[in-house]
Structures are given as structure tokens and as C-alpha cells.
Amino acid sequence: MQASVQAHASLTVLPLFERNLWIVSDECVQDDGADWPKLVWVVDARHEANPVPIGTFPAPPFEAFARRGGRFGAHNLHENLPAPCSFRSDRIIVGTFFNAGVRVYDTSNPWQVQEVAYYVPAAPSLSPVGAIQLNDVYVDDRRIVYTVDRFCGGLYILEMHVG
């Protein structure tokens, strides 16, 4: 009998120092939901040598996105950069999910994270996978969200009215 191990590639680790939490995104790397689930995790980091996962963010519905085209799953998080023009929050988290768009979560209760907003644009006309592939996100101090398609969809600029 042969044992198998599934590897997890964490793309972003966002420390929330005041709350002793890490927000960790798995990286989706395969098309059509082949490596599902690729989630965003909440990790108790009170003891850095022994981080303990305590929950996951609600995932976009598998049935709606897995076979939509391209990648479907977690990718990047806005990183609370310590710069004067960067949005910073220890509660509101913004992340990209490729064909499931950009999504906003409230982590006030880290054991029961709530999705509070999302935006899923239509497929760009020249997309080689037939779906949007949002893979990076930045939020400025005015709560303007910038997200980009990894192939040809360009830059999307949104106003965030949550939190």
C-alpha cells in the first residue's frame, strides 16, 4: 500500500500582531478545481513555535466556480503594508480567489469569519481560460481596492464600503 501526502503551498502569511493571529492563504495552482480546496486559514500564533489552525474563511461555492475556467481557490491577501497610503486592519481582510474574484472578510470572531463583500467581474474577451483570474490585490488608505487579472483582464479599481 502506498501512502500519499498532499503538499500545501502557502502564498501569503498576514500576521495580526495585536490579536496573536496569522491569516494564511493556500495557493491554488491547478485549473478547474483540481487542487481544491485551497483556503484561507486563521492560525492561533500565541506560541510562534507551535502555531495552531483554528478555522478557515468561508469558501466561494465550489459548484459555481470550480468548472468556470482557469484557477479557483485562494491566492493573495492585501498585506497591511506599514506605509502611509496602505489600508491596515486587524479585522477586515481582502483576498483574491482567481475566477471567484476578490472577496472581503470580517475576522472579528476568528472562529467564525464572515464574508462581507465580493466582486466577480465577467470574463475578459481575450481570456485564454474563459474566466476572470484575479490574482493580486492592494487596498489604499481610502479603501480603494486595486486587483488585476493574471492574463489579460487589466486593472480593476473598486471602492470598499465595509468595516
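The following paragraphs examine the structure supplied in this document. Everything quoted here is computed from the prediction, not taken from an experiment.

Conventions and cut-offs
- Residues numbered from 1 in each chain as written.
- Predicted model: local features only at pLDDT ≥ 70, side-chain atom pairs only at ≥ 80, totals over all residues.
- Heavy atoms only, no water.
- Helix = DSSP H or I, 4+ residues; strand = E, 2+ residues; numbered from the N terminus.
- Rg over C-alpha atoms; globule rule 2.2 N^0.38 Å.
- Buried < 20%, exposed > 50% of the residue type's maximum accessible area, 1.4 Å probe, protein only.
- Contact = heavy atoms within 4.5 Å.
- Salt bridge = Lys/Arg side-chain N within 4 Å of Asp/Glu carboxyl O.
- Phe/Tyr/Trp six-rings, centres within 6.5 Å; stacked < 30°, edge-to-face > 60°.
- Pairing = 2+ DSSP bridges.
- Axes fitted to C-alpha atoms, helices over the stretch in contact; angles between N-to-C directions.
- Core = buried A, V, L, I, M, F, W, Y, C linked by side-chain atoms within 4.5 Å.

**A few points about the overall build of the protein chain**
Line of reasoning, step 1. Along the protein chain, the regular secondary structure elements total 1 helix and 10 strands.
Line of reasoning, step 2. Reading the secondary structure of the protein chain in the N-to-C direction produces β-β-β-β-α-β-β-β-β-β-β.
Line of reasoning, step 3. Here the C-alpha radius of gyration of the protein chain, 16 Å, is about what a compact globule of 163 residues would show, namely 15 Å.
Line of reasoning, step 4. In terms of overall dimensions, the protein chain has a C-alpha envelope of 55 × 45 × 25 Å along the principal axes.
Line of reasoning, step 5. Within the protein chain, the fraction of its 163 residues that count as buried is 47%.
Line of reasoning, step 6. Looking at the protein chain alone, contacts between residues at least 24 apart form 48% of all its contacts between residues at least 6 apart.

**Details of the environment of Phe-65**
Line of reasoning, step 1. By the element assignment, Phe-65 lies in helix α1 (residues 62–65).
Line of reasoning, step 2. By relative accessible area, which is 9% here, Phe-65 ends up buried.
Line of reasoning, step 3. Sequence separation of Phe-65 and Ala-131 is 66 residues, and the distance between their C-alpha atoms is 9.5 Å.
Line of reasoning, step 4. Beyond its immediate chain neighbours, meaning those up to four positions away, Phe-65 contacts Pro-60, Phe-72, Asn-99, Ala-100, Arg-103 and Val-120.

**A few points about the pattern of salt bridges**
Line of reasoning, step 1. For the coordinates displayed, the defined rule picks out 4 salt bridges.
Line of reasoning, step 2. One salt bridge in this structure joins Glu-115 and Arg-103, with 2.8 Å as the shortest N-O distance. Of this pair, Glu-115 sits in strand β7 (residues 114–119) while Arg-103 sits in strand β6 (residues 102–106), placing them 12 residues apart in sequence.
Line of reasoning, step 3. According to the relative accessible area criterion, Arg-103 is buried, its value standing at 2%.

**Quick notes on the packing of aromatic side chains**
Line of reasoning, step 1. With the rule as written, the count across this model stands at 8 aromatic pairs.
Line of reasoning, step 2. Ring centres 4.6 Å apart and planes at 10 degrees place the aromatic pair Trp-36 and Phe-72 in the stacked group. With Trp-36 in the loop between β2 (21–26) and β3 (40–44) and Phe-72 in the loop between α1 and β5 (92–96), this residue pair connects regions lying 36 residues apart in the sequence.
Line of reasoning, step 3. Residue Trp-36 is classed as partly exposed on the basis of its relative accessible area of 25%.
Line of reasoning, step 4. Aromatic ring contacts, followed pair by pair, group Trp-36, Phe-62, Phe-65 and Phe-72 into a single cluster.

**Here we look at the sheet that holds strand β10 (residues 155–159)**
Line of reasoning, step 1. Spatial ordering of the open sheet is given by β8-β9-β10, a layout of 3 strands whose pairing is antiparallel. The sheet is open, and its two borders are formed by β8 (134–139) and β10, each paired with just one other strand. If you compare each strand with its neighbour and ignore which way they point, the axes differ by 20 degrees on average.

**Topic: the nonpolar core**
General note: in soluble globular proteins, nonpolar side chains tend to be found buried as a group.
Line of reasoning, step 1. Core analysis: the largest hydrophobic core is formed by 17 residues, its most contacted members being Ile-23, Val-40, Phe-57 and Ile-93.
Line of reasoning, step 2. Contributing elements (two or more residues each) for this core: β1 (10–16), β2 and β3.
Line of reasoning, step 3. Residues contacting Phe-57, with those up to four places away along its chain left out, are Ile-23, Val-40, Val-42, Ile-93, Tyr-105, Thr-107 and Val-113.
Line of reasoning, step 4. One finds Phe-87, Val-102, Val-104 and Leu-134 within the second-largest nonpolar core, a separate group that totals 14 residues.

**Let's talk about the pairing of β3**
Line of reasoning, step 1. Most of β3 is tucked away: 4 of the 5 residues are buried.
Line of reasoning, step 2. Alignment of β2 against β3, held across 5 bridges, turns out to be antiparallel. Residue Ile-23 lies in a different strand from β3, and its bridge partner there is Val-42.
Line of reasoning, step 3. Bridge count between β3 and strand β4 (residues 52–56): 4 bridges; the pairing is antiparallel. Paired with Trp-41 across the strands is Thr-56, a residue of β4.

**Quick word on the environment of Phe-98**
Line of reasoning, step 1. Turning to its location among the elements, Phe-98 is positioned in the loop between β5 and β6.
Line of reasoning, step 2. Sequence separation between Phe-98 and Phe-65 is 33 residues; the distance between their C-alpha atoms is 9.6 Å.
Line of reasoning, step 3. Those residues within four positions of Phe-98 in sequence are excluded, and the remaining contacts are Cys-28, Arg-71, Phe-72, Gly-73, Ala-74, His-75, Ile-132, Gln-133, Leu-134, Asn-135 and Arg-150.

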